[in-house]
Amino acid sequence: MRDVETSEYVVRFSFWARFQHAAIILLFGLLLLTGMPQKWPYAEASRWVIEHLGGIFVTRWLHRAAGIAFSCLLVAHLAIAIAGVLSRRMQPSMLLSRKDFRDAIDNLRYYVGYAESPPPFGRFDYRQKFEYWGLIFGALIMALSGFILYFPILLSRVLPAELIPAAKVMHSAEAMLAFLIVLIWHMAGAHLTPESFPMDTSIFTGKIRKDKLRREHPLEYEDLFGKR
Amino acid sequence: MKQRRVWIGGGIGVAAALVVGLLAGGASGEALPESVSYCLNCHDDKQLSLTLKDRSVMSLYVNSREFAQSVHGSQLICTDCHARYDQNHPSGATFPSKRAYVIAAYETCKKCHFDTYTRTLESVHYELLKGGLDAAPVCTDCHGAHNIQNPHAKRAMVSRSCATCHVKVYEKYARSVHGKALVDEGNQDVPACAGCHTHHQIQQPGTTRFRLSSPDICIRCHGDQRLMSKYGISTTVAETYLADFHGVTASLTRSASPAHQQVVVTCVDCHGAHDIASPRLKGKEAMKAAAAATCAKCHKGASPDFPAAWLSHYEPSLRHAPLVFLVDLFYKIFIPFVVIGLVLHVLLHVYRMSAGR
């Protein structure tokens, strides 16, 4: 049974999910490349990047274009997810529940040696859900503050203008936070971690090895194949 | 002991000789070399003059006292500069006008001051001269001829020479916070004309490039903590401008080609250039009004509240821009909190995965 499972695969991600992941890699990368030099414009490396992108105006233009695309992706994602869940064509598997908080505590207990095994996770474990909601709220904050900085005059007509420098601080700090979370939590936690090293390919191929699914998402495995 | 007394005696003798020498030198400050005195035999005459081709009369009088007291008085003789009058002198009226003579004669300065001379070749004044404007200033117009003084010691004097042509600008400057300090108090820290426009390589100030680099001129002094602390002025004025969107644009585009430059707000737009007044004396309300008028120049349709987007060089605090301060504070606490938590979680995970198996 085990030998069969190491060569059998289960479909885990739809084309839409894989497309979004690829688009985020591209857009997040472009936003970091064009945004970081604007956060530290006087650093030598920033000058180099800005110069090679074609100057500060091109850099800002690319940043705004990527920001608009990222915002569109966010809106599309939320619209499709909400419509999918409401029409019952999609499982609300990313929604947080009380179990996730219990899992987090149980998992930490397991890490420090108070429990024999980690809690059984469903389709997404609490770490993945935390990152997902971090991404959603982070993207909302980035888009909102980004558009305030993009259209400061429009904003000043409806809201206090002090929001503009506040949005600048927020945009810059939230970006830093997002970058660090992706670096530490996503790269180290999802790809470089011992069980997936050097990388977890399922978000790219859309498939997960059956034994990996059973190990990492036992509750989903049971839903699909029944209890063994 | 005996030897020592000889030493002391000798010392006193030398000192006395020095003092006598200095006194003699001081008293005979106007004693000029023989060759100079020879020229002055004729040129010390106020009536000595020459009729040029345009029928104008050029005085050939040299004030011997002025020359002796000038920086060159003890170093040069007449023929160092007036080399062509060595032989067959007097030579007669060979110049079409007095100005033509001056323009030809100033070339002699480069014999010693070559580096300075080459810098003037890149100046807007030389451009004008080359273009046929005889009135464009040459060395002697600013520094004088026989009465040249050390320009570093007499800064106000050099600025007054600018005023010969730039009267209105000079009047504005003389009333400004910098001008008043220089003209009235002899303050040596404030910029005179050349402090901002440079001495010899003076550039056309109307260009976008000059405009975009103008903050650097202000920051040279206003970013200098030691200098500013003398006057109780904060150096954050420089940092806050450079960190601002416009400051970044100005800094990063000034070396670009003109097509890639964009006019953005710089120091002078709110504070003025020649008529800079102390913001403390002008008061907050007047400065706010100046900022609002400046914003409105480019940002058409902005609300009256729009200038509040610029924090007027204040660092965000609970008093100034509390919202900005609180957002910043939140992230200063939140980011380390999240990052430390995540790093610990990842490390615990790796530890358990490797140790638990």
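Residues numbered from 1 in each chain as written. Chains lettered and ligands numbered in written order. Predicted model: local features only at pLDDT ≥ 70, side-chain atom pairs only at ≥ 80, totals over all residues.

### Some words on the overall build of chain B
- For chain B, the count of helices and strands is 20 helices and two strands.
- Buried residues in chain B amount to 17% of all 357 residues.
- Put simply, of all contacts in chain B between residues at least 6 apart along the chain, 56% involve residues at least 24 apart. (Helix = DSSP H or I, 4+ residues; strand = E, 2+ residues; numbered from the N terminus. Buried ≥ 20, exposed ≤ 12 C-beta atoms within 10 Å, placed from the backbone. Contact = placed C-beta atoms within 7 Å.)

### A closer look at the overall build of chain A
- When helices and strands are counted, chain A shows 11 helices and two strands.
- Principal-axis analysis of the C-alpha atoms places the extent of chain A at approximately 60 × 40 × 35 Å.
- The buried share of chain A, taken over its 228 residues, is 24%.
- Taking as baseline every contact in chain A between residues at least 6 positions apart, the subset at least 24 positions apart corresponds to 65%.

### Regarding the domain arrangement of chain B
All names here are of chain B.
- For chain B, the assigned domains are domain 1 (36–87 + 94–146), domain 2 (150–202), domain 3 (204–313) and domain 4 (316–344).
- For domain 2 versus domain 3, the separation of C-alpha centres amounts to 22 Å.
- Taken together, the contact between domain 2 and domain 3 spans 11 residues of the former and nine residues of the latter.
- In terms of residues, the side of domain 2 that touches domain 3 owes the most to one element, helix α10 (residues 167–175), which gives four residues.
- Split by residue class, the side of domain 2 that touches domain 3 holds five nonpolar, three polar and three charged. (Domains from an automatic or database assignment. Nonpolar A, V, L, I, M, F, W, Y, C, P; charged D, E, K, R; others polar.)

### Structural notes on the nonpolar core
- Among the nonpolar cores identified, the biggest contains 19 residues, and L163(A), I164(A) and A166(A) are the most heavily contacted of them.
- Within the residue set of this core, elements represented by two or more residues are α8 (163–191) of chain A together with α20 (322–355) of chain B.
- When residues of this core are sorted by domain, at least three fall in each of domain 3 (204–313) and domain 4 (316–344) of chain B.
- Leave out the neighbours within four places in its chain, and L163(A) touches I148(A) and L155(A). (Core = buried A, V, L, I, M, F, W, Y, C linked by C-beta atoms within 7 Å.)

### Overview of the interface of chain B and chain A
- Listed per partner, the contact involves 33 residues of chain B and 31 residues of chain A.
- Looking at the side of chain B that touches chain A, the elements that each hand over two or more residues are α16 (245–253) and α20 of chain B.
- Ranked by residues supplied to the side of chain B that touches chain A, first place goes to α20(B) with 17 residues.
- Classifying every residue of the side of chain B that touches chain A by side-chain character gives 22 nonpolar, eight polar and three charged.

### What to know about the packing of helix α2 (residues 15–39) of chain A against helix α4 (residues 56–86) of chain A
Residues and elements named next belong to chain A.
- Orientation of α2 relative to α4, taken along the N-to-C sense of each, is 145°, at an axis distance of 9 Å. The hand of the α2/α4 crossing is left-handed. Residues Q20, A23, L27, L30, L31, T34, G35, P37 and Q38 of α2 form the contact with α4, whose participating residues are T59, L62, H63, A66, G67, A69, F70, L73 and H77.
- Considering only residue class, the contact of α2 with α4 consists of 10 nonpolar, eight polar and no charged. (Axes fitted to C-alpha atoms, helices over the stretch in contact; angles between N-to-C directions. Left-handed = near helix turned anticlockwise from the far one by under 90°.)

### Here's the deal with unusual backbone geometry
- In this model, F197(A) is joined to P198(A) through a cis peptide bond whose omega is 0°.
- Positive phi outside glycine occurs at S312(B), with the angle close to 50°.
- Assignment of secondary structure puts S312(B) in the loop between α19 (284–298) and α20.
- At A321(B), a position not held by glycine, the phi torsion is positive, near 55°.
- Mapped onto the secondary structure, A321(B) falls in the loop between α19 and α20.
- The class for A321(B) is buried, based on 22 C-beta atoms found within 10 Å.

### Notes on α2(A)
Residue and element names in this part refer to chain A.
- Across its 25 residues, α2 extends 35 Å between first and last C-alpha, which sits within 8% of the 36 Å expected from 1.5 Å per residue.
- Regarding α2, the residues found buried are L31, T34, G35, P37 and Q38.
- Buried residues along α2 sit against α3 (44–53), α4 and α8. (Expected span 1.5 Å × (residues − 1).)

### Let's talk about the environment of C112(B)
Residues and elements named next belong to chain B.
- Counting through the fold element by element, C112 comes out in the loop between α5 (98–105) and α6 (114–120).
- Its 14 C-beta neighbours within 10 Å are what place C112 among the partly exposed residues.
- Taking the C-alpha atoms as reference, C112 lies 48 Å from M287; in sequence the two are 175 residues apart.

### Looking at the environment of R175(B)
All names here are of chain B.
- By the element assignment, R175 lies in helix α10.
- Taking the C-alpha atoms as reference, R175 lies 8.6 Å from A277; in sequence the two are 102 residues apart.
- Here R175 is in contact with K180 and D275, once residues within four sequence places are set aside.

### Some thoughts on the confidence of the model for chain B
All names here are of chain B.
- When the pLDDT values of chain B are averaged, the result is 85; 88% of them are 70 or greater.
- For residues 1–6, every residue scores under 50 in pLDDT, and the model assigns this stretch zero contacts once sequence neighbours within four places are set aside.
- Of the regions scoring below 50 in pLDDT, residues 13–29 engages in one contact with residues more than four places distant in sequence or in other chains.
- For this predicted complex, the interface confidence comes out at an ipTM of 0.92, alongside a pTM of 0.83. (pLDDT = per-residue confidence, 0-100.)

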